[in-house]
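Next come the chains, spelled out residue by residue.
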Amino acid sequence: MYRKDLITTEIQKLAEVLARIMGLKLEGKLKDAQEIFNNTMENGFTLPVDILESDDLTTFKTWLQKCNFPPEKLDSLSEFLYYELGISTERNQSIAPKLNLVYQYLADEHKIVHLVNLHRQKTIQQYI
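Residues numbered from 1 in each chain as written. Predicted model: local features only at pLDDT ≥ 70, side-chain atom pairs only at ≥ 80, totals over all residues. Heavy atoms only, no water.

Draft legend 1. Inspection of the packing of helix α5 (residues 71-82) against helix α6 (residues 89-110) at higher detail. Remark: α5 packs on α6, axes separated minimally by 10 Å, with the N-to-C direction vectors making an angle of 160°. Considering their axes alone, α5 and α6 lie roughly antiparallel with respect to each other. Where α5 crosses over α6, the handedness of that crossing is left-handed. Residue-level contacts link Pro71, Leu74, Asp75, Leu77, Ser78, Leu81 and Tyr82 of α5 to Ile95, Leu99, Val102, Tyr103, Tyr105, Leu106 and His110 of α6. (Axes fitted to C-alpha atoms, helices over the stretch in contact; angles between N-to-C directions. Helix = DSSP H or I, 4+ residues; strand = E, 2+ residues; numbered from the N terminus. Parallel < 35°, antiparallel > 145°, perpendicular 65-115°, else oblique. Left-handed = near helix turned anticlockwise from the far one by under 90°. Contact = heavy atoms within 4.5 Å.)

Draft legend 2. View of the packing of aromatic side chains. Under the definition given, this model contains five aromatic pairs. On the numbers, 6.3 Å between centres and 65° between planes, the contact of Phe45 with Phe69 is edge-to-face. Residue Phe45 is located in the loop between α2 (30-44) and α3 (49-53), and its partner Phe69 is located in the loop between α4 (57-67) and α5; the two are separated by 24 residues in the primary sequence. The same class applies to Phe45 as to Phe69, namely buried. Measuring from ring centre to ring centre gives 5.5 Å for Phe45 and Phe80, while their planes differ by 75°; the resulting arrangement is edge-to-face. You can see Phe45 sitting in the loop between α2 and α3 and its partner Phe80 sitting in helix α5, a full 35 residues away along the chain. Note on Phe45: relative accessible area 0%, which makes it buried. Taken together, the ring pairs connect Phe45, Phe60, Trp63, Phe69 and Phe80 into an aromatic cluster. (Phe/Tyr/Trp six-rings, centres within 6.5 Å; stacked < 30°, edge-to-face > 60°. Buried < 20%, exposed > 50% of the residue type's maximum accessible area, 1.4 Å probe, protein only.)

Dropping the structure here:
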C-alpha cells in the first residue's frame, strides 16, 4: 500500500510538471518549457537527454528495459513524450519511435493497452 501511495504521489507531481510545460508552451516560452522538460527527463525519469535525442533506438530500448518502472510511471513518460511531438520535424522523428517503444513495452511487459494509446500509436505513425 505504501509503495502505491508513493507512486501515486510521484505521478501527480509529474502531471503538474507536464501542465506547467504545456502552459509555458502556450505562453510562447519554449526555451523555459524545454529546460523543464529536459530536467524532468533526467531527474524524474532518469532518462539522459542524449539517449532521448539520439537516433539509436537500441540504446533507448536498453534504457527502457533497465529502468524497471511501474506501468503508471511509464504511462506518465508516454504523456510527456506525446506532448513533445509537433515542435519540429527533427524532434518528431526523434521522439515518435521512442514513444512507440514505450507503448509497445507497456503492452508486452505489463499487458496494458489503453484505447488512447492505441489511437496515439496510429497518430505517431505519421512521424516515423
